[in-house]
Amino acid sequence: MVARSTGSTTISFGLVSIPVKLYTATSAQDVHFNQLHKACGSRIKQKLYCAVEDVEVERGDIVKGFEVAKTQYVQFSEEELKALEAERFSTLDLVEFVPESTVDFVYIEKSQYLGPDKGGEKAFNLLSKAMRHMDRIAVGRYWSRGKVQLVLLRPYKKGLILHQVYYDNEVRAYEDVELGPDQAFSDAEQQLAERLIEQLSVETFAADKYHDEYADRVRKAAEEKSAGQQITVAPERPAAQ
């Protein structure tokens, strides 16, 4: 099935402009539950409530507030928030190219596939091939939803993929994780660990080998319940030593 684009933009760097289309790369397939009234089985509706005045609040009476101190807020109207948005631009601006090995995967938030738009096929494929040959990833800026997003553009398969990434202050330092004191290992312990890893090693990662077993069980249980069957509960797996 041919993918359907979700939008379009233009890759821009130097004097080069390449029209491209954006495509959804991932789509979560989590199972979702609705909150129901236990007595009658109908869906619960949440009301907006002000605890200070003990009243239900209409949506038209709600404004957005930014917390400047604990329980202290400054209010913003929709017009004020609109004025604070970044200046809109329609291009994907590449500002620098960096070695792929210098990019940490922890920065990646979400991804979109890119494909050439009409008239941009040759330039698109040339850029992809050149970046792949030079082992480079592009760092860029892309306007979305009122703010400038930090993005990475990298070669992917025969084309390009766009990663929206976190800003540096949004990524926590791994050095803050408590690892305990340094440990000394014997050669025998090291060899044992490596043998265990070797026994489970394969040549490549194949995502299609794995699936969401919990979601499968929920869907199967829902089918059984709708058909009036009894749900069976699997025993707990014993913990590994």
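Below you will find a few notes about this structure. Here the structure is a predicted model, which is why all the values come from computation and not from measurement.

Looking at the pairing of strand S1 (residues 7-13)
Bridge count between S1 and strand S2 (residues 16-24): 7 bridges; the pairing is antiparallel. Residue pairing for S2: Gly7 is matched across the bridge by Leu22. Across 3 bridges, S1 lies against strand S7 (residues 91-99) in parallel orientation. Looking across to S7, one finds that Thr10 is bridged to Thr91.

Quick word on the layout of surface pockets
Within this model, the largest pocket holds a volume of roughly 490 Å³. Together, 20 residues line the largest pocket, and Lys110, Gln112, Tyr142, Ser144 and Gln164 are the ones closest to its centre. Broken down by class, the residue content of the lining of the largest pocket amounts to 6 nonpolar, 11 polar and 3 charged.

Some thoughts on the environment of Ser5
Note that Ser5 resides in the segment before S1. What makes Ser5 partly exposed here is its relative accessible area of 31%. Along the primary structure Ser5 and Tyr174 are separated by 169 residues, whereas in three dimensions their C-alpha atoms are 37 Å apart. Aside from chain neighbours lying at most four places away, what touches Ser5 is Lys21, Leu22 and Tyr23.

Comments concerning the sheet that holds S2
Read once around its circumference, the closed barrel built from 7 strands follows the order S1-S2-S8-S11-S10-S9-S7, with strand pairing classed as mixed. Pairwise comparison of adjacent strand axes, ignoring direction, gives a mean angle of 40° for this sheet.

Structural notes on the pairing of S7
One ladder, built from 7 bridges, connects S7 with strand S9 (residues 136-144); its direction is antiparallel. Bridged to Leu94 within S9 is Gly140.

The rules behind the values
Residues numbered from 1 in each chain as written. Predicted model: local features only at pLDDT ≥ 70, side-chain atom pairs only at ≥ 80, totals over all residues. Heavy atoms only, no water. Pairing = 2+ DSSP bridges. Helix = DSSP H or I, 4+ residues; strand = E, 2+ residues; numbered from the N terminus. 1 Å grid on protein atoms, 1.4 Å probe; cavity = no way out; pocket = protein on both sides within 12 Å on 5 of 7 lines; lining within 4 Å. Points joined across faces, edges and corners; volume = space filled by probe spheres on them. Nonpolar A, V, L, I, M, F, W, Y, C, P; charged D, E, K, R; others polar. Buried < 20%, exposed > 50% of the residue type's maximum accessible area, 1.4 Å probe, protein only. Contact = heavy atoms within 4.5 Å. Axes fitted to C-alpha atoms, helices over the stretch in contact; angles between N-to-C directions.

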